[in-house]
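Here is how the chains run, residue by residue.
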Amino acid sequence: MGRVQNKVILLTGGAMGLGKAGATRLVEEGARIIITDHNAEAGSKTAKELGENAEYLEQDVTNPERWVEVIAYVEEKYGRLDVLINNAAVTVYGSIADVSYEDFRRCFNVDVDSIFLGCKTALPLMAKTGGAMINLSSAAAVSASAELAAYNAAKAAIPMLTKSIALYCAREKNGIRVNAVLPGAILTPNVQSVADGTSDPEATLKSFAAGQPVGHLGEPDDIAHLLVYLASDESKFATGAGFAVDGGLSI
């Protein structure tokens, strides 16, 4: 216990799924968590469940002005930001023939632009004390599907953006480490919603499970444990890396 004791952590998309699981574990390990999400009802509920060391801020992660407001709030209240976890994302299902340009752009806007905005806006504050940026990518960044044209492309952009930011921070000697996490198919509300959007949700989930060499879907805590490691000082020599937790999907 106490692996991230007293660290101030901002986690986007924290209302449900991987974000909620990560926030839960981080609070258990002593962190002060600010979760953001566009879903005010679910975000407020999660923060309440997590107790006095968690709070919720409503945020559209694609809005640059809101990012400025959120980081300013954190600086005013806490004076520092130790960890930024860019978790907010959407999954857009569809082949190149089926997906609309609007949905393609929406996928990049939420999954990639938000990480650019988050890292860029938080950088000046985090550079004062050093810390860790953690960007959620996906095994879909390296394992393509004909039905995930937008999602594959967006998630593939994140590890390279992460490397670029990591090299900048290393060059500037500002003490910020930047890493990416590449989950496989994890049974979250997001994955369930993708399945529900197909003609046979049960068959879709079974196909997701079969796609992992281990033969089953992952659980949110499989990712939460890694987030604790990357947020803690235990990972002080790790930067610019992509950590796959995918049941062997990327092998």
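Before reading on, note that the structure itself is shown above.
Residues numbered from 1 in each chain as written. Predicted model: local features only at pLDDT ≥ 70, side-chain atom pairs only at ≥ 80, totals over all residues. Heavy atoms only, no water.

Peer 1: Looking at this structure, how should I read the overall build of the protein chain?
Peer 2: Looking only at helices and strands, one finds eight helices and seven strands in the protein chain. For the protein chain, whose C-alpha radius of gyration is 17 Å, the value lies close to the compact-globule estimate of 18 Å for 251 residues. Along the three orthogonal principal directions, the C-alpha set of the protein chain runs to about 50 × 40 × 35 Å. Looking at the protein chain as a whole, 52% of its 251 residues are labelled buried. Of the roughly 11500 Å² of accessible surface on the protein chain, a fraction of 55% belongs to carbon and sulfur atoms. Positive and negative side-chain charges in the protein chain, numbering 21 and 30 respectively, have mean positions lying 8 Å apart. (Helix = DSSP H or I, 4+ residues; strand = E, 2+ residues; numbered from the N terminus. Rg over C-alpha atoms; globule rule 2.2 N^0.38 Å. Buried < 20%, exposed > 50% of the residue type's maximum accessible area, 1.4 Å probe, protein only. Areas by Shrake-Rupley, 256 points an atom, 1.4 Å probe, with all protein chains shown as cover. Lys, Arg positive; Asp, Glu negative; His and termini not counted. Charge placed at Lys NZ, Arg CZ, Asp CG, Glu CD.)

Peer 1: How do you make sense of the sheet that holds strand β6 (residues 176-183) when you look at a structure like this?
Peer 2: Strand order across the open sheet formed by seven strands is β3-β2-β1-β4-β5-β6-β7, with parallel pairing between neighbours. Every other strand in the sheet has two partners, leaving β3 (54-58) and β7 (242-245) as the edge strands with one partner each. When strand polarity is set aside, the average angle formed by the axes of neighbouring strands in this sheet is 20 degrees. Helix α3 (residues 64-78) rests against β1 (8-12), β2 (32-37), β3 and β4 (83-86) of the sheet, and its axis sits at about 150 degrees to β3. (Pairing = 2+ DSSP bridges. Axes fitted to C-alpha atoms, helices over the stretch in contact; angles between N-to-C directions. Contact = heavy atoms within 4.5 Å.)

Peer 1: Explain the side chain of Thr162 to me, please; I cannot follow it from the model alone.
Peer 2: Its place among the elements puts Thr162 in helix α5 (residues 149-172). Setting aside residues no more than four positions away along its own chain, Thr162 makes contact with Asn135, Val178, Asn179 and Ala180.

Peer 1: Before we go on, may I ask you to explain the packing of aromatic side chains in this structure?
Peer 2: Each pair of aromatic rings is reported with the distance of its centres and the angle of its planes. Applying the stated criterion across every chain yields a total of two aromatic pairs. Relative to Phe108, the ring of Phe104 lies with its centre 5.2 Å away and its plane at 35 degrees, an arrangement referred to as tilted. Here Phe104 pairs with Phe108, and both are found in helix α4 (residues 101-126), just four residues apart, close to one helical turn. Among the residues examined, Phe104 registers a relative accessible area of 26% and is labelled partly exposed. Ring geometry for Tyr229 and Phe243: centres 6.5 Å apart, planes at 70 degrees, overall edge-to-face. Placement of the pair is Tyr229 in helix α8 (residues 220-231) and Phe243 in strand β7, with a sequence separation of 14 residues. For Phe243, a relative accessible area of 21% translates into the label partly exposed. (Phe/Tyr/Trp six-rings, centres within 6.5 Å; stacked < 30°, edge-to-face > 60°.)

Peer 1: What's the story with the pattern of salt bridges in this structure? I'm lost.
Peer 2: Two side chains of opposite charge can pair, provided their charged atoms sit close to one another. By the definition in use, this model includes 13 salt bridges. Notably, a salt bridge pairs Asp103 with Arg106, separated by 3.5 Å at the nearest N-O pair. Of this pair, Asp103 and Arg106 both sit in helix α4, separated by three residues, roughly a single helical turn. Residue Asp103 is classed as partly exposed on the basis of its relative accessible area, which comes to 30%. The exposure class of Arg106 is partly exposed, given its relative accessible area of 38%. With a closest N to O distance of 3.3 Å, Arg171 and Glu172 form a salt bridge. (Salt bridge = Lys/Arg side-chain N within 4 Å of Asp/Glu carboxyl O.)

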